[in-house]
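This is what each chain is made of:
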Amino acid sequence: MKKCIFPAIVIGIILTGCHNMKSAINKAINTKTLYQSEAFSVYGDSVVQGSFVAKAISREEIVSNYVSPGIKQSPVVKFKFSINGADNSAPAGKDNVIICTGNSGVYETPVIKFGGQYVDTTKISPNDYLKKDVKLTLRVDMTDMLNSFKKKGYYQTFDGKKIYKNDFQGVFVAGNVSPLTWDWNNLYSHKELELTDSNHDGIYETTLTLNQHPDENKTANSWKLSKDISAFPQYRSDDMLPDALYNLALEEMQNAIEPDSTFRTGKEWAGVWTRDISYSIILSMGILQPKVAMISLKKKVKNGKIIQDTGTGGAYPISTDREIWAVAAWEVYKVTGDKDWLNYAYQVVKNSINDDLHNIYDAQTGMVKGESSFLDWREETYPTWMQPADIYESECLGTNAVHFEANTVLSKMADELGNKEDEIKYSEVAAKIKKGVNQYLWQDDKGYFGQYLYGRNFKMLSPKAEALGEALSIYFDVTDNHERQQKIVSNTPVTPFGISCIYPQIPGIPPYHNDAVWPFVESYWALASAKANNEQSVVRAMCSVYRPAALFLTNKENFVASDGDYAGTQINSSNMLWSLSGNISLVYRILFGIHFNTDNISFSPYVPKVFGGERTLKNFKYRKAVLNIELSGYGNIITSFLIDGKESSDYTIPSTLTGTHEIKIVLGNLALPIENVNGEKNVFSPQMPTVTYQNGKLSWQDTSKNITSFQVMKNGNSLNKTSDTSLSVNPAEYGNYQVIAVGENNIESFASEPLQVYPTQNQQIIQFENFLHKSTKPYKGFSGNGFIEISKTVNTKIDVTINIKEDGTYILDMRYANGNGPINTENKCAFRTISIDSTTTGTLVFPQRGKDEWSNWGWSNSIKLPLTKGLHHITITFEPWNENMNVDINQAMLDCLRLIRI
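Calculation criteria
- Think of each chain on its own: its residues are numbered from 1, step by step along the sequence as written.
- The predicted nature of this model means local features are confined to residues of pLDDT at least 70 and side-chain atom pairs, given and counted, to a pLDDT of 80 or more, with totals for whole chains, interfaces and linings taken over all residues.
- In computing side-chain values, all of the structure's heavy atoms are included and hydrogens and water are not.
- Only runs of H or I of at least four residues qualify as helices and only runs of E of at least two qualify as strands under DSSP, and these elements are numbered from the N terminus.
- Only the C-alpha atoms count toward the radius of gyration. The rule for a globule is 2.2 Å times the residue count to the power 0.38.
- Only protein chains enter the accessibility calculation, which uses a 1.4 Å probe; a residue is then buried when its area is under 20% of its type maximum, exposed when over 50%, and partly exposed in between.
- In what follows, residue pairs with any heavy atoms lying within 4.5 Å of each other are defined as contacts.
- Methods summary: accessible areas were calculated by the Shrake-Rupley approach with a probe of 1.4 Å, and residue burial reflects only the protein chains presented.
- For the purpose of charge, His is not counted, nor are the chain termini; Lys and Arg are scored as positive and Asp and Glu as negative.
- Throughout, a charge is located at the NZ atom of Lys, the CZ atom of Arg, the CG atom of Asp or the CD atom of Glu.
- Pairs of N or O atoms are called polar contacts if they sit within 3.5 Å, as long as, within protein, a hydrogen donor faces a hydrogen acceptor (for residues adjacent in sequence, only side-chain-to-side-chain pairs).
- Working definition: a ring pair exists when centres of Phe, Tyr or Trp rings (six-membered ring for Trp) sit within 6.5 Å. Plane angles under 30 degrees give stacked, over 60 give edge-to-face, the rest tilted.
- Criterion for a charge above a ring: Lys NZ or Arg CZ within 6 Å of the ring centre, and within 35 degrees of the ring normal.
- Strands were regarded as paired on the criterion that DSSP finds at least two bridges between them.
- In this analysis an axis means a line fitted to C-alpha atoms, helices contributing only their contacting stretch, and an angle means the value between N-to-C directions, from 0 to 180 degrees.
- Here roughly perpendicular refers to angles of 65 to 115 degrees, roughly parallel to angles under 35, roughly antiparallel to angles over 145, and oblique to all remaining angles.
- Just so you know the grouping, Ala, Val, Leu, Ile, Met, Phe, Trp, Tyr, Cys and Pro go in nonpolar, Asp, Glu, Lys and Arg go in charged, and all remaining residues, Gly too, go in polar.
- Disulfide: a pair of cysteine sulfur atoms within 2.5 Å of each other.

Here the focus is the overall build of the protein. For the protein, the count of helices and strands is 16 helices and 55 strands. The C-alpha atoms of the protein give a radius of gyration of 29 Å, which matches the 29 Å a tight globule of 902 residues would have. Along the first, second and third principal axes, the C-alpha atoms of the protein reach 85 × 75 × 55 Å. For the protein, with 902 residues in total, the buried portion stands at 61%. Counting only contacts in the protein whose residues sit at least 6 apart along the sequence, the fraction spanning at least 24 positions is 71%. When the accessible surface of the protein is summed, it comes to about 34500 Å², and 47% of that surface belongs to carbon and sulfur atoms. Once the 88 positive and 97 negative side-chain charges of the protein are each reduced to a mean point, those two points are 2 Å apart.

Every buried residue of helix 13 (residues 482-491) is listed here: Gln485, Ile488, Val489 and Ser490. Buried residues along helix 13 sit against strand 23 (442-443), strand 24 (448-449), helix 12 (467-475), helix 14 (519-531) and helix 15 (535-552). For helix 13, the N-terminal capping position is held by Asn481, with its side-chain oxygen 2.9 Å away from the main-chain nitrogen of Glu483.

Time to look at the packing of aromatic side chains. In total, this model carries 51 aromatic pairs according to the counting rule given. Among the aromatic side chains, those forming a connected cluster through ring pairs are Tyr279, Phe374, Trp377, Tyr475, Phe476, Tyr512, Trp518, Phe520, Tyr524 and Trp578. Geometry around Trp442 places Arg484 over its ring, the cationic atom sitting 4.0 Å from the centre.

Mapped onto the elements, Glu789 comes out in strand 47 (residues 788-790). Within the structure, Glu789 has its side chain in polar contact with the side chain of Lys777 (distance 3.1 Å). Engagement of the side chain of Glu789 in a polar contact is seen with the side chain of Gln891, the distance being 2.8 Å. Beyond its immediate chain neighbours, meaning those up to four positions away, Glu789 contacts Ser775, Lys777, Val794, Asn795, Gln891, Ala892 and Met893.

The strand order 42-41-44-45 describes an open sheet built from 4 strands, whose pairing is antiparallel. Edge positions in the sheet fall to strand 42 (717-722) and strand 45 (755-757), since each has one partner strand and no second. Put simply, the sheet's adjacent strands are angled 30° from each other on average, direction ignored. Two strands pair when backbone bridges link them, and strand 44 (residues 735-743) and strand 45 are joined in this way by 3 bridges, in the antiparallel orientation. Looking across to strand 45, one finds that Asn736 is bridged to Gln756.

As a further point, take the packing of helix 3 (residues 240-255) against helix 15. One way to put it is that helix 3 packs onto helix 15 with a least axis distance of 10 Å and a crossing angle of 70°. If you check the angle between helix 3 and helix 15, you find them roughly perpendicular. Every residue of helix 15 that contacts helix 3 at Leu241, Pro242, Leu245 and Leu248 is listed here: Tyr546, Ala549 and Ala550. Of the residues that constitute the contact of helix 3 with helix 15, the class distribution is 7 nonpolar, no polar and no charged.

The tally for this structure, following the rule as stated, stands at 0 disulfides. With no disulfide of its own, Cys501 has Cys396 as its nearest cysteine by sulfur position, at a separation of 14 Å. Residue Cys829 stays outside any disulfide, its sulfur separated by 15 Å from that of Cys396, the closest cysteine. Looking at Cys829, the relative accessible area reads 0%, which means it is buried.

On to the environment of Thr206. You can see Thr206 is positioned in strand 17 (residues 203-210). In this structure the side chain of Thr206 is engaged in a polar contact, spanning 3.2 Å, whose partner is the backbone oxygen of Glu192.

The omega torsion across Ser178 and Pro179 is 10°, close enough to zero to call that bond cis. By secondary structure assignment, the location of Pro179 is in the loop between strand 15 (171-175) and strand 16 (194-195). The residue after Tyr316, namely Pro317, is reached through a cis peptide bond having omega 5°. Position of Pro317 relative to the elements: it lies in the loop between strand 21 (305-306) and helix 6 (324-336). The phi torsion at Asp644 lies on the positive side, around 50°, for a residue other than glycine. We classify Asp644 as partly exposed; its relative accessible area is 40%. Phi is positive for Ser838, close to 70°, though the residue is something other than glycine. Here Ser838 shows up in the loop between strand 50 (830-836) and strand 51 (839-846). Under the relative-accessibility criterion, Ser838 is labelled exposed at 71%.

Written out as structure tokens, the structure reads:
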């Protein structure tokens, strides 16, 4: 044990001195052991992580000496400059660096050329830290941009993208030390991060005060119950710490209810968010707060449809996980039996899914498209080249698990309401999703599902594990093969502090979803592990929820996978609704095994041996009944189930029961199967290559250490595995090329941005202004003689005739602009239905590309279609199911239509 260097804390009475802290630590170690690893240990009354200890003094009080390593800030300040808030000054990893160490409190960079790099070579020691209130002036030379604006009307960034003068919003800086942030998409909201050129010499600068509040990330060193929680189920077991954490979660739950009787997402997150409340309701809030759940869910309905929260590219249909609302609504019905609620929810879910059937389903795979559920920060889980239109085309594990369960739920709602036609219809939709997930996302060699299908014209599977998706695939029975469920839990990589959102991590991307563990995801993983009958995984997952809650004395939203600390992620909050809901669910859903059905609740306890003993759950309300439940033993085999002293063989409580009743459950103390947990170091994949093409040759750079080979892909299939950094290809035939860097243990990078090589005669460009009146708006950068506008009132139907010279398979996409919002948030994604020769072919999306950046042109998603020689009629229409979440604004500019024969 390390020498105690922390201030004394209260343990029962006020203790003083390091000797008493050591005694507390030693006492903690001598209590019942629940879980031990090299990273941390959990005991019946405490958590120990190195020299940090959290200890339950009682079931209503916990103390902790945890101090975040992030409190002491490194003097190494990394930063990059930005035009319009985008990461466009230099490739990933090419950061500027200044060392702010020594006695000075004022630092200044030299003038750095935009796109250049400055690296301070000042030597530092391990004991050097950033002082409080350091002043740092950052200066960047933007004369190249300004001169280009004058000569060309635009500036071209290192990656070939053009920024037009009319779209120029300002110069910003991102970085690693507050107030700097790597959150590129929200630089606009940080005024101090905008640089200005006050004397018009082309040198932009800003002065920042670093490390202003070094103590702001500190957590409390003690928690004592201060709210009345007697109205809620009272839990007690032989283990004091889990009991105290349950009470802490109940108290924080009360903090998470707003005056208008809606859920608050977290201490730092006001408002009601569809996915947050829904995942929380499924875990435990539907049980504890059914009325608040109903009110909150209703708040996320507009025009009779579920609201997709603001998100990538302008929300729906780029982000599509709103259907988790359906699962939450069904849970509320099962808890309450409220038929009025069922009728309301049924219509809302049906309206929403019916729109989805038009907008986001892939007829080939049977799966749905759209961003990974809750992983809604693009570069945190997607390759940096993927634009919102590319993310729309991705087919993700977690989101498909959500849609599978939503359709299953809608089928069950229809059955409950006597609608046989809908029961069959939506059950069949769910079956198609299930078949697609198991066919296209399963990895036999790894024993778990891949992250998503991705690419532009040809999709491939990302082999990364995606924790929430893996959990939901089991919990929702997307795979109902028990052997496969066991494989997933045994084989999915788990890092020392918990199951990370994705694995392996992405290099050069700061922790948030990347390199992070989210306790609510860990809770779902615990539920999945219990269902798969993996005792070791259940214990590890439960204790990975208990560790941060105990040490931090709050239910944080996330923490860094690499070190288990809460302070290193990009955004975090205490008192998080879904984190506390997950903590409570461990008691209800796993230990007591409570499952709600339409006409009863059933019990299937899962108690690992280390948690065995006596436990009670009193004042548990179920409709008009109050249950006092006793549970003894361990395992998952019930040997006795008594209701008011009478033996029952079906382990259920009917919904018709009223009054107060005593339930006594005895487990058989039979050993659970010994299964594996795939504990892995927290590793990062190789850096993704950047590929160029010239004169029949693909080229890329070896940018990462320990790369063993490169996998060259053509049209989604393996073409060549090589240790070289170039490859000759045939320019006379179509090829969609990508390169994957392969590192040690065959860990793969993301595939590079697709690069199309094809003869010029394979391409046909159709200018829209040749068919319709061109717009008079003053935007730049279009091809041809102009562009057209589409909105809810302008060009709601577009008819174009094309002449195909040769039979074949073609790729169709459109060049567009949408400046109605930033790339990462708001709700004004435009999209339309496209038909070929009067047959509906699919959906084209035109996501937001930057606030007021109307000269920022890009390509929509592509549609692959067979076309015969001759004339074909293309129709682009705004249909009722093409409503976005804004409803009022559904607008874009269209430049041209492109056809490429492949």
